[in-house]
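Tertiary structure, described
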Amino acid sequence: METLTTVEGKAYPFGMKNVDTDIVIPSHWLKTISRTGLGKGAFEVLRKEPGNVFDDPAYAGSPILIAGDNFGCGSSREHAAWALGDLGIKVVIAPSFSDIFSSNAFKNGILTVVLPQAAIDRLMEVARTDEIHVDLEQQTVTTQFQDRFAFEIDPFRKHCLLGGLDEIGLTLGDADGIAVYEKSVAQDRPWMIPAVA
Amino acid sequence: MVKPRTLYEKIWDAHVVERRPDGTCLIYIDRHLVHEVTSPQAFEGLRLAGRKVRRPDLTLAVPDHNLPTTPRRDADGKRIPIADPQSAQQLEALERNAPEFGVRLIGDADVEQGIVHVVGPEQGFTLPGTTLVCGDSHTSSHGALGALAFGIGTSEVEHVLATQTLLLKQSKTMAVVVEGELGFGVTPKDVALAICGRIGTAGGTGYVMEYRGSVFRDMSIEGRLTVANMSIEAGARSGLFAPDETTFAYLNGRPMAPKGADWDAAVAWWRTLVTDEGAVFDKIVVIDAADIVPTVTWGTSPEDVVAVTGVVPDPDSFEDASKRAAAQKSLDYMGLTAGQRLADVAVEHIFIGSCTNSRIEDLRAAAALLDGRRIASGIKHAMVVPGSGLVKRQAEAEGLDRIFVAAGFEWREPGCSACLGMNPDKVPAGERCASTSNRNFMGRQGPGARTHLVSPAMAAAAALTGRLTDVRELLKDREGMTL
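Cut-offs applied
Residues numbered from 1 in each chain as written. Chains lettered and ligands numbered in written order. Predicted model: local features only at pLDDT ≥ 70, side-chain atom pairs only at ≥ 80, totals over all residues. Heavy atoms only, no water. Helix = DSSP H or I, 4+ residues; strand = E, 2+ residues; numbered from the N terminus. Buried < 20%, exposed > 50% of the residue type's maximum accessible area, 1.4 Å probe, protein only. Areas by Shrake-Rupley, 256 points an atom, 1.4 Å probe, with all protein chains shown as cover. Lys, Arg positive; Asp, Glu negative; His and termini not counted. Charge placed at Lys NZ, Arg CZ, Asp CG, Glu CD. Axes fitted to C-alpha atoms, helices over the stretch in contact; angles between N-to-C directions. Parallel < 35°, antiparallel > 145°, perpendicular 65-115°, else oblique. Contact = heavy atoms within 4.5 Å. Nonpolar A, V, L, I, M, F, W, Y, C, P; charged D, E, K, R; others polar. Salt bridge = Lys/Arg side-chain N within 4 Å of Asp/Glu carboxyl O. Polar contact = N/O pair within 3.5 Å; in protein donor to acceptor, adjacent residues only side chain to side chain. Pairing = 2+ DSSP bridges.

**Regarding the overall build of chain A**
- Secondary structure summary: chain A contains seven helices and eight strands in total.
- If you line up chain A on its principal axes, its C-alpha atoms span 65 × 40 × 25 Å.
- Classification of the 197 residues of chain A by burial places 59% in the buried group.
- Carbon and sulfur atoms provide 52% of the accessible area of chain A, an area that totals close to 8000 Å².
- In chain A, the 17 positive side-chain charges and the 27 negative ones have mean positions that sit 4 Å from each other.

**Some words on the packing of helix H3 (residues 99-107) of chain A against helix H5 (residues 154-163) of chain B**
- Put simply, H3 of chain A and H5 of chain B touch, their axes get as near as 8 Å, and they point 75 degrees apart. In this view, H3 of chain A runs roughly perpendicular relative to H5 of chain B, as classed from their interaxial angle. Between H3 of chain A and H5 of chain B, the residues in contact are Ser103, Asn104 and Lys107 of chain A and Thr154, Ser155 and Glu156 of chain B, respectively.
- Residue composition of the contact of H3 of chain A with H5 of chain B, grouped by class: no nonpolar, four polar and two charged.

**Regarding the interface of chain B and chain A**
- At the interface, 71 residues of chain B touch 53 residues of chain A.
- One salt bridge in this structure joins arginine 35 of chain A and glutamate 158 of chain B, with 3.3 Å as the shortest N-O distance.
- The interface formed by chain B and chain A includes 36 residue pairs in polar contact (both at pLDDT 80 or more).
- Ranked by residue count, the leading element in the side of chain B that touches chain A is H5 of chain B, at seven residues.

**Describing the pattern of salt bridges**
- All told, the structure shown has 37 salt bridges over all chains when counted by the stated rule.
- A salt bridge links arginine 47 of chain B to glutamate 100 of chain B; its shortest N-O distance comes to 3.0 Å. Of the two residues, arginine 47 of chain B sits in helix H2 (residues 40-49) while glutamate 100 of chain B sits in helix H3 (residues 85-100), which places them 53 residues apart along the sequence.
- For arginine 79 of chain B, the salt bridge goes to aspartate 108 of chain B, with nearest N and O atoms at 2.9 Å. Pair noted here: arginine 79 of chain B is in the loop between strand S4 (59-61) and H3 and aspartate 108 of chain B is in the loop between strand S5 (104-105) and helix H4 (116-123), with a separation of 29 residues, a long-range link.
- What emerges from the salt-bridge pattern is a single network uniting Glu182 of chain A together with Arg54, Arg55 and Asp57 of chain B.

**Notes on the sheet that holds strand S6 (residues 131-134) of chain B**
All names here are of chain B.
- Strand order in the open sheet made by the five strands is S5-S4-S3-S6-S7, with parallel pairing throughout. Edge positions in the open sheet fall to S5 and strand S7 (148-151), since each of these has one partner strand only.
- For S6 and S7, the ladder comprises four bridges, and the chain directions are parallel. From the neighbouring strand, threonine 131 faces S7, where its bridge partner is leucine 148.

So, in structure tokens, the structure goes:
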């Protein structure tokens, strides 16, 4: 996974609420067996609307997406995170996210920043003309107009994002602990986890 | 004295492999269901890193999302090629990956094949008190049997394959209590939709729900599966029912359920899996069963629910400005106007199926209404997609297939089908479907498709009249019939 420390750049002033992952990437794009190339399908339906932010040259290539409440609800498809990543998005800022989406985003090196609606409204305004600065180390979102919004993040997620760490590798380092757990359950409830032959 | 715990906390505590100082826990995963859409990249990741599947014996692979629901084998037993090369490629990837990594595969033409969330309970793969995951958000379904079950993304699928664990933070708990008796013509689907309407699609975010109260205690496993299935539509990754005699009776004798002395020991442990007296939920939502009526959705989110006897709401009636805008956008997409009576809305398509409503009881409820009747002339296409080959076989043994076909429905092979239109089963743009599935999102059933979520009985009623219909009107003619 790539490391993520600071992200500075333009932001899509999207703002839509309850964006489900079917909107982020429609199901016919899920037929791929690769993680790449899904940016073309991102927000496909919305991009048919004239004047949508994703096809506005003013925001082309923005690394930040500003969205409304409950972003990424619905399907667990990680393709939504892959599609955003492929589009070049590294940070999504919203008042709230679905649990599954934020987990998927994080595992693909995309930072989800939760800020109150008032901050979102202000950032939407700034994004129309100016850049936004996200600092993961400091846990802040700032603008050149002295706006400064602090955000919370799970320390483990922060550590993994800053270091670009491979979570599976980290967990496999604890293989002995897993084996001990399996053994104890195999004794108490063999129907649940059979002993390994 | 031991602190009273909720059912969720008991299952969680029993699965902690390691607790980190920041509260993150390494949680053991007892059961892992794998399907063809969200697993290819996970297996590829294992391959690239030279890793193997830690517990293939706790993993079960079943293709469901992509499969055509038309016959899959010719007269000689040879596969009928899948027209879409990408769908074929995903199926082939699963058929290659499962044996390569030692995982059991239920094949596309096996009688046990079906939607993963129908197959798991049916095979006894899903068991009370276990942790169960799948790369699909409707994994919440398995909570009906008292399993802590939730959907995961592909990176997590790879993590579980490699380590049989996940790194998780404990969720908050929400009790959803429905007491009383359900009214005439009101089904578990209506209960699920009512909950979505009350809580909203984000209301359950960060929570694990527990369904409590007399309505859920009296509900069959099929009904509980419908309700638990839609937990995710109210934002909760997982929704639990405490295992009880109904659960044990359902599981006893299932192929992968414990047998003999193991069964007795398992049941003894399962009986302890109830929320203790005095345990505290972070949130409690109470709904009076008498307030739940036959329900339909009017918009493009499962929280957009209204009584079938009601009217399309006026976007201006919402307090929040962004909600007003969203409602207007939904109405534009749905081709509806504020104040329009739902019962006047004509539909052209009927879909009975999906992990929400494709089990035998669902098919019985629909068939009971359709028996001896014909679908309305305005219906362009009506189909039934059983949840599994075993559901299909059971329905055929009961003669339900003949009722559906005589009424003008197509009787299909099992799979996810028109719930999300990854296979050829799609609703054309601008056309309207009464669907027993779980999501009415824009484009969900096909680009431009308009979805109204309903119960199986209401889907059958809509098929008969050609418009959204209060099933109670039709039930009146069927003397003594209940759902």
